[in-house]
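In case you want the letters, here they are:
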Amino acid sequence: MKAKLRSPIVIVLLLSMLLAACTTPTAAPEPTTEPAAPAEPTKAPAAGSIEGKKVCYLIPESGNAFLSGLTEGVKEKFAADGVEVAIYGAEGNATTQYNQIENCISQGVDGMVIMAALEPEGVAAAVLEAKAAGIKVMGVPVDEQGPYDAIMHTDQYEIGTTMAEMACEWIDATYPDAEDNSVEVAVIGTKGTENIKKRSEGMETIDDCAKAKLVQFVDVPEATISEAVSATENIFTANPDVKVILVVGDSGAQGVAEAMAAYAPDNLDEYAVFSGDVSPDTQEKLPKCEAGAYRGAVAIGGSLDDLIQSTYSIMKGMISGGDYPVETLDPLTTFRCEPTPVEGAAKPPAPEFIEIGGSIPLTGPFGSLGNMVLPGYEIAVEDINAEGGVYVEEYGTKIPLRLTYYDDESDPTKAVSRLETLFSEQNVTAYLGGAGSSMHAAASAIAEKNQVPYCGIAFALYQIHQQGYKYLFSPFPKSPQQAKDTFEILNAAIPEGERPTKVAIFSYSDDWGKEIGDLWEQNAAENGYEVVVREERPVAPDNDWSDAILKAKAAGAEVLLSLPIFPDGSGMFKTMAELGWTPKFSVVIRAPEGVNWGESMGAIGDYVTIFPGWHHGEKFPGVDELNAAYEAKFGRPADLLTGPAYACVQIVAAAIEKAGTLDRAAVRDAMAATDLETVIGPVTFNEDGTGNVLNPLIQWQNGQLQLVWPEEQATAEFLYPAPPFEER
Amino acid sequence: MRNLQIIFIVLLIIILVCIPMVIEKDSLINLFILIFLYITLASSWNILGGYTGQTSLGHAAFFGLGALATRLLWIEGFPIYPSILAGGLLAVAFALLIGAPTFRLKGVYFAIGTLALAQILNVTVGNVFPTIAALPVEELTTYQLAPRYYLLLGLAVVVVGVSYLLVKSKYGLGMMAVREQEDAAESLGISALRHKLLALAISAFFTGLGGGAFAYYHVSYYYQFPFSPVWSLDMLTMVFIGGTGTVLGPIIGAVFFVVLKEFLVLNVGEYHLIIFGGLFILVVLFLPGGIISIWKKIQYARTHRLRPNVAKLSPEPKR
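Conventions adopted
- Residues numbered from 1 in each chain as written.
- Chains lettered and ligands numbered in written order.
- Predicted model: local features only at pLDDT ≥ 70, side-chain atom pairs only at ≥ 80, totals over all residues.
- Heavy atoms only, no water.
- Helix = DSSP H or I, 4+ residues; strand = E, 2+ residues; numbered from the N terminus.
- Buried < 20%, exposed > 50% of the residue type's maximum accessible area, 1.4 Å probe, protein only.
- Contact = heavy atoms within 4.5 Å.
- Areas by Shrake-Rupley, 256 points an atom, 1.4 Å probe, with all protein chains shown as cover.
- Salt bridge = Lys/Arg side-chain N within 4 Å of Asp/Glu carboxyl O.
- Buried area = accessible area lost by both parts, 1.4 Å probe.
- Pairing = 2+ DSSP bridges.
- Axes fitted to C-alpha atoms, helices over the stretch in contact; angles between N-to-C directions.
- Core = buried A, V, L, I, M, F, W, Y, C linked by side-chain atoms within 4.5 Å.
- pLDDT = per-residue confidence, 0-100.
- Disulfide = S-S within 2.5 Å.
- Patch = residues over 30% accessible without salt bridge, like charges linked within 9 Å, V, L, I, M, F, W, Y side chains within 5 Å.
- Expected span 1.5 Å × (residues − 1).
- Parallel < 35°, antiparallel > 145°, perpendicular 65-115°, else oblique.
- Nonpolar A, V, L, I, M, F, W, Y, C, P; charged D, E, K, R; others polar.
- Right-handed = clockwise from strand over helix to strand, strands pointing away.

**Q** An account of the overall build of chain B is requested, with residue identities and associated values reported.
**A** Helix and strand content of chain B: 14 helices and two strands. Among the 319 residues that make up chain B, the fraction classed as buried is 52%. Within chain B, counting contacts between residues at least 6 apart in sequence, those at least 24 apart form 79% of the total. As displayed, chain B has an accessible area near 14900 Å², and 71% of this comes from carbon and sulfur atoms.

**Q** Go over the overall build of chain A with me, naming the residues and quoting the values.
**A** Looking only at helices and strands, chain A has 21 helices and 29 strands in total. Looking at chain A residue by residue over its 728 residues, the buried ones come to 57%. Look at the contacts in chain A between residues 6 or more apart in sequence, and 71% of them connect residues 24 or more apart. Per element, the accessible surface of chain A, about 28300 Å² overall, is 51% carbon and sulfur.

**Q** Tell me about the pattern of salt bridges, and name the residues and values.
**A** All chains considered together, the criterion is met by 27 salt bridges over all chains. K261 of chain B is paired through a salt bridge with E409 of chain A; the nearest N and O atoms lie 3.4 Å apart. Residue K261 of chain B is found in helix α12 (residues 248-268), and its partner E409 of chain A is found in the loop between β16 (401-407) and α12 (412-426); the two belong to separate chains. Classification of K261 of chain B as buried rests on a relative accessible area of 12%. Between D669 of chain A and R668 of chain A there is a salt bridge, and its shortest N-O distance comes to 2.9 Å. Through salt bridges with shared partners, a single ionic network connects E409, D411, K414 and R418 of chain A together with K261 and E262 of chain B.

**Q** Now, about the interface of chain A and chain B: what can you tell me, with residues and values included?
**A** Chain A puts 36 residues into the contact, and the matching count from chain B is 32 residues. Buried area between chain A and chain B, summed over both chains or domains, comes out near 2900 Å², and the portion from carbon and sulfur atoms is 60%. By the criterion of area lost to chain B, the three top residues of chain A are T413, K449 and D511 of chain A, representing 18% of everything that side buries. Inspection of the region where chain A meets chain B yields three salt bridges. Measuring nitrogen to oxygen at the nearest pair gives 2.8 Å for the salt bridge that ties E262 of chain B to R418 of chain A.

**Q** Describe the sheet that holds strand β1 (residues 54-59) of chain A, naming the residues involved and giving the relevant values.
**A** Either a parallel or an antiparallel arrangement is found when strands of a sheet pair, and the pairing is made through backbone hydrogen bonds. All names here are of chain A. A sheet is described by the order of its strands in space; here six strands give the open sequence β2-β1-β3-β4-β5-β11, paired in parallel fashion. With one partner strand each, in any of the chains shown, β2 (84-89) and β11 (327-329) form the two edges of the open sheet. Neighbour to neighbour, the strand axes of the sheet diverge by 15° on average, direction disregarded. Across three bridges, the pairing between strand β5 (residues 150-153) and β11 is parallel. Bridging from a neighbouring strand, I151 pairs with E327 of β11. Here helix α3 (residues 94-107) sits on the sheet and contacts β1, β2 and β3 (111-115); the angle it forms with β1, its principal contact strand, is near 180°.

**Q** Describe the pairing of β16 of chain A, and please don't skip the residues or the numbers.
**A** All names here are of chain A. The buried fraction of β16 amounts to five of the seven residues, a majority that puts the element mostly inside the structure. Here seven bridges tie strand β13 (residues 354-360) to β16, and the two strands are oriented parallel to one another. Among the inter-strand pairings, S359 is bridged to a residue of β16, identified as Y406.

**Q** Which residues make up the nonpolar core, and what are the values?
**A** Ranked by internal contacts, the top residues of the largest apolar core, which has 162 residues, are Y431, F506, W520, F573 and W581 of chain A together with W231 of chain B. The greatest single-element share of this core, amounting to 15 residues, is contributed by helix α2 (residues 26-51) of chain B. Excluding residues within four positions of it along the chain, F573 of chain A makes contact with L560, S586, V588, W597, M601, I604, V608 and F725 of chain A.

**Q** So what's going on with the confidence of the model for chain A? Which residues, and what values?
**A** Confidence in the prediction for chain A averages 86 pLDDT; 92% of positions are at 70 or higher. Low pLDDT, under 50, characterises residues 8-47 of chain A; the predicted model gives this stretch 45 contacts beyond four residues in sequence or across chains.

**Q** Before we move on, can you summarise the sheet that holds strand β20 (residues 502-508) of chain A with the specific residues and values?
**A** Residues and elements named next belong to chain A. Strand order in the open sheet made by the seven strands is β21-β20-β22-β23-β24-β28-β29, with mixed pairing throughout. A strand with exactly one partner marks an edge of an open sheet, and here the two such strands are β21 (530-537) and β29 (704-709). Within the sheet, the average angular offset between the axes of one strand and its neighbour, ignoring direction, is 25°. Relative to strand β28 (residues 697-701), strand β24 (residues 608-610) runs antiparallel, the two being bridged by two bridges. If you follow I610 over to β28, its bridge partner there is I698. Contacts between helix α15 (residues 511-526) and the sheet are confined to β20, β21, β22 (559-562) and β23 (585-588), with β21 contributing the most and set at about 175° to the helix.

**Q** Quick rundown of the state of the cysteines? Include the residues and the values.
**A** All names here are of chain A. Under the criterion given, the structure shown has four disulfides over all chains. Disulfide partner of C168: C209, at an S-S distance of 2.1 Å. Here the S-S torsion is close to 80°, and the disulfide linking C168 with C209 is therefore right-handed. One end of the pair, C168, is in helix α5 (residues 156-174); the other, C209, is in the loop between α6 (194-203) and β7 (212-219), and 41 residues separate them in sequence. Here the two residues C168 and C209 agree in accessibility, since each one is buried.

**Q** Residues and numbers for a nonpolar patch on the surface, please.
**A** Together, I6, I7, V10, L11 and I14 of chain B line one region of the surface with nonpolar side chains, adding up to about 430 Å² of accessible area. Residue placement: I14 of chain B occurs in helix α1 (residues 3-22).

**Q** Give me α12 of chain A: which residues, what numbers.
**A** End to end, α12 of chain A covers 20 Å across 15 residues, agreeing with the expected 21 Å (1.5 Å per residue, within 8%). For α12 of chain A, the tally of buried residues reaches 13 of 15 residues, placing the bulk of the element in the interior.

**Q** Explain the side chain of T429 of chain A to me, using residue names and the numbers behind them.
**A** With respect to the helices and strands, the residue T429 of chain A is situated in the loop between α12 and β17 (430-432). Apart from the residues lying within four places of it in its own chain, the contact partners of T429 of chain A are I354, E355, V452, P453, I656, L662, R664 and V667 of chain A.

**Q** Explain the packing of helix α7 (residues 145-168) of chain B against helix α10 (residues 192-217) of chain B to me, using residue names and the numbers behind them.
**A** Residues and elements named next belong to chain B. Orientation of α7 relative to α10, taken along the N-to-C sense of each, is 170°, at an axis distance of 10 Å. One way to sum up the angle between α7 and α10 is to call them roughly antiparallel. Side by side, α7 and α10 meet where L145, P147, R148, L151, L152, L155, V158, V159, V162 and L166 of the first sit next to I202, F206, L209, G210, A213, Y216 and Y217 of the second. A per-class count over the contact of α7 with α10 returns 15 nonpolar, one polar and one charged.

**Q** Break down the pairing of β21 of chain A for me, with residues and values.
**A** Residue and element names in this part refer to chain A. As judged from the seven bridges shared by β20 and β21, these two strands associate in the parallel manner. By the bridge assignment for β21, K502 is matched with E530. In this fold, β20 hands off to α15, which returns the chain to β21; that crossover is right-handed.

**Q** Tell me about the environment of A223 of chain A, and please be specific about residues and values.
**A** Residue and element names in this part refer to chain A. As for its placement among the helices and strands, A223 is situated in the loop between β7 and α7 (225-238). The class of A223 is buried, set by a relative accessible area of 15%. If near-sequence neighbours (up to four positions away) are discounted, A223 is found in contact with V247, S251 and G252.

**Q** Describe unusual backbone geometry, with residues and values.
**A** Residues and elements named next belong to chain A. Along the chain, W709 connects to P710 via a cis peptide bond; the corresponding omega equals 5°. With respect to the helices, strands and loops of the structure, P710 is situated in the segment after β29. A cis amide bond links Y720 with the next residue in sequence, P721, at an omega value of -5°. Along the polypeptide, P721 turns up in the segment after β29. For S410, which is not a glycine, the phi torsion comes out positive at approximately 60°.

This is the structure in structure tokens:
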């Protein structure tokens, strides 16, 4: 049947060729004798418009993963140019392929890519017919120019030898103590088609590998997944000690890997399969060692993306009438999972725990803050360990976290000592910070000295981050952000005519007080506000603010910005109520952050806003679960500092997983590259270790803390202006 | 001092000198550093509070001044040891400045007076130097515990040695005489003010050196932190736990204070303060002369059993 069809087709094509020769040919470039470099992806051919043109892409198997990835990639690129690409799979049938070529010719397409022609001679005749019809034809992979306008080809033998080299390297690394000719290898190839025959011959050079011994060659014309599974089962029946199989293509390799996983589920590390091409999926999985026993592949044309680009670029040049290389020799690239020795243990024994620890002020002046931080760490560790822990690639398993913490009594000297203990005794992979700027200042220096990644929250002092420390990370809003947001939120939330304009700043004479005081002053001016009073007091629980309050009242201040510690802040507000000065809007950081503000202040404490870094009403993944866990322990939703503390553990765990090791420098680098969705929202870090995090505004309303800004996270509306104290 | 005691002390010092060479754990070296620092501070305080009977609650000022001067000079590029010495001398200068007016006060008034002066300094330093005294990153990366260890060990040995020599000297006897009965001492031609000022100067000098060593040791702290009254109270607590007016008392107190606290913190978590507080109360109730008095009571009992009529003068203050 085939022969009968072939003769008339050839005659018709030859006649067409003669006729075509009488017409003026399109300006085709001179064929080059030297193999051309692959088309530059960035160099666009000199082209006319190609919109509305059609291209046929003919492949031998539509079920082949590699070919599907390639053709779909090319189709996608042409779609952007308005070019339609029709993909036809011949399913291994040469007649079907003829018919598909004829079909394309009759459709009047502008270009044709014929890939891995099933019967090269017959296809050459069809190519002549297509050319006669003015269709540009590219052959892939074709070793000789023949009737094709352009060819892309690969040294098939080199593909095979590259596979063999990869397999040999894997054998050497996996079986370092194996004797020569002791590791059995099989090849699944074919001697049927010319191209694959050459590749198969290349694959057989694995026998030259010192430790390898080629024990079986299985001829499978087109190794699909199921055929490869059967072939592998047969190999294991005949040669049960075969450890390595080389197979022509990606689908076959997937089948072999599947059969190997079924054959040796407990010691799959001892088996490997290598392929002569690669699908997009496998290309991603191989470097991550996520393809089971499938450990390496040769990619034709560089990566798949490179091959897509070069095919697209050449065909674009052909159908647009521009320049294109008539011959392209594809480079080869390998994708592989790096081997690990099987002798002894494939991976070092995993430690029982990943040690993390912190020095936390549970007593002393910062005790109230530390007691909000600690539950965040504890619940996060419980949650992560409930999932088995953190996966560490170095050990190939999940390892639970173990949190060790010590009370430093709010004493930086003791914090230093505790952190040294954690470093020496627990060998911590990461430090978790305590609370309060002075504590973090001391602790982060120790982290830097010991080169242990440090995640700290509950401090807004920006200055600590400007010391050049590399190991300090803080997913917590800092003074510049707080100062900027204060006025931007005011401007966004209050219509222009109703906005306050006069600002009073009551701060402390410590570093954070000066820092944020200066920033508030600077941002006020930039946003159209006037600072009419700025008063400073030492950090003390019982400052007398009456003089400052009277000044603010006399100056007509409508906004109060302050950062008193708890008893001082409550004293300040009670004095304000007594002296009859009610700011319409107030940001008071620190004092109103604890639940005791609502309990002790009553209506006087309402309308006050804070920037505490988090609120239990935020709508991020994991917040509900955190609140539920906190409620079960303490009978209320998570406290303001608990969420950021929880996020710190999430960040550290993700960094360890990303680093794939417990090496502190690698974990530090992974933390620096954090891009994670946490209970406080998305977190990334700047070079100085400050976090890019949400800075929610919280307001006391009827004795409850409500999140009022940003609007999409709000649990209640922002209340403004605050009514006078005496009217509440 | 008997030969056996000398051999024991020399051996102990040799062992302590060898510790950084044989122990690799930084946490243990840190513990020793803290012990030496607290021995230095407790022994310094004991010179004024124990031997001379002047209960100071303002020693944090000397400690803080020593730390402040040392850190500022060191960060400016001065060599560390002259900087520490400058810290000690600044503490002496301040001590003499405040000594004259405060020694007009007696008993509890003196204690409150010194506390007030130290607090004034504390607040002033907080206002003038509100920032962190952090070491530069380059210094952190080359930070070594061993030189700090040896500095503080040397300082502790010197302070204890000076205390011992002082007890034996006529100045020491003068100080103890002032402690026991100031008027009686004056009547014997002992200038109470001169002896008190001398004790204050020596005590402040070593406390200032301790502050300087702290500045050299601590990687990052607020300038105000060493001025915190907690330091004064810690010095007093250690001396009372160990035994006032003795050479060994402050050493025992410092070791007890640091080691027990560390042990409790690492092992009983948040209950450590309650347990430590309880132990402190027990020591004060049942051992008013400090832990050292256990040994003295044993010695006394043995002496009286052997020679019941022998009474012995003790440098320990009357209570």
